[in-house]
Amino acid sequence: MTWPLVDLRTTPYGGRSLFAIQPIARGTNIFACEAPFAHVIYKDYRREVCAQCFAYAASISRSVGDPRTWSISSCRATAETVWFCTNECKVTWESGVIGPMIADVNALLGKAKIATRRNPVGDGYDPILPNAPTAQIMQDYIDKAWADVEDLVSSRARLSAYCSTMNLEDMEFEISRSVASAIVQRYIFDHHLANLAVSSIISTSDPWAEVLDLQSSELSNVSLRPYILAAHLRVYAFLCYSLPKHLRSYVHTARHILARDTGNAFGIWDGDSRDEMLGWGLWVGASYFNHSCCPNVQKTRVGRTMHFTTSRSIEIGEELCISYIDTDQNITQRRQDLEDSWFFKCRCQRCQSEEPDAEASPH
């Protein structure tokens, strides 16, 4: 697919990536991804972050003495309370379909989480947790664990008994909310309740197809952090237990989102200073950009929209890259951050110049 300025191509080193098909001047806004397909704002920040535009009440850009929480709210009997920076944001949010439905679902999840706090009977053994691998983790080990949890959730009685004492952890709950937001978006799209934002570069009639095109990091993530598999299985069981009936047929969305979230999601920060991470979101189109420690594109979030602007002049055929990390770090720190969160060893031009004997490779 092409756009007037860029072309999306498959590379041998970093999946799909964007390349310039004509010279691009510095400061050109080449791409905008309108809204995240999945997102969550952390519990501690929900009254401080506008539910519509993600504006942060405690931002350093606000005047001294301004309230550190928003005072405008939407309160409905079936939904959790959400907060807004202005009445305009409230009206925009309430006139839509996605936000109110996510708030309804989040209220159900909150009640279900409370119901998981019963003290377990016995030794606290968790039947959903996979046995520790005897050797290196392979994909069949992960698949077997998912097959086992599918067997558990196939019985409503067994699922209810399990979830009543699972004591869902706070971060597992945040992950559940993020996945549930994606499930709501799928439901809304399939039932033609609203037009969902898709990439402004890739034309598709189905935003879920864009999600599935993202690279899965399931095996890499579980291999590096074996504990994450148990958390994902528990999230899946919790969603099977707590989602309303009309959304349960979409619960298989969970594994796809969880497999792609790490390595593709972006933090929702308090501003350019990036002092506070308020949550995270999966802006699907934004994942088309590969990483470089000397990036030529800068990303900026304005409201819900992620904008990508060239930071210098770009030549024809040049790859367009952003930075995933703090590039002020030394090469060892940068590579460690990238391997920990994106599962690759950076071999960009800057890294090669700082380590002349490294094996040559584009990334």
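Before reading on, note that the structure itself is shown above.
Residues numbered from 1 in each chain as written. Predicted model: local features only at pLDDT ≥ 70, side-chain atom pairs only at ≥ 80, totals over all residues. Heavy atoms only, no water.

**Q** Talk me through the sheet that holds strand β9 (residues 290–291); I want residue IDs and the actual numbers.
**A** One open sheet accounts for four strands, arranged β1-β2-β12-β9; its pairing is mixed. Because the sheet does not close on itself, it has two edges, and the strands there are β1 (6–11) and β9. (Pairing = 2+ DSSP bridges. Helix = DSSP H or I, 4+ residues; strand = E, 2+ residues; numbered from the N terminus.)

**Q** Hey, could you go over helix α10 (residues 253–261) for me, with residue numbers and the actual values?
**A** By the criterion of burial, α10 is predominantly enclosed, with seven of the nine residues buried. Turning to α10, its buried residues are T253, A254, I257, L258, A259, R260 and D261. Those residues of α10 hidden inside the fold are in contact with α3 (139–153), α5 (170–190), α6 (207–213), α7 (218–224), α8 (227–242) and β8 (277–282). Once α10 finishes, G263 follows within two positions and takes phi at roughly 100°, a positive value. (Buried < 20%, exposed > 50% of the residue type's maximum accessible area, 1.4 Å probe, protein only. Contact = heavy atoms within 4.5 Å.)

**Q** I'd love a proper account of the sheet that holds strand β7 (residues 266–269), names of residues and values included.
**A** Within the open sheet, the three strands sit side by side as β4-β8-β7. Their pairing is antiparallel. If you trace the sheet from one side to the other, it starts and ends with β4 (38–41) and β7, each paired once. Strand-to-strand, the axes of this sheet are offset by a mean angle of 25°, without reference to chain direction. Alignment of β7 against β8, held across four bridges, turns out to be antiparallel. Residue pairing across strands places G267 opposite W280, the latter belonging to β8. (Axes fitted to C-alpha atoms, helices over the stretch in contact; angles between N-to-C directions.)

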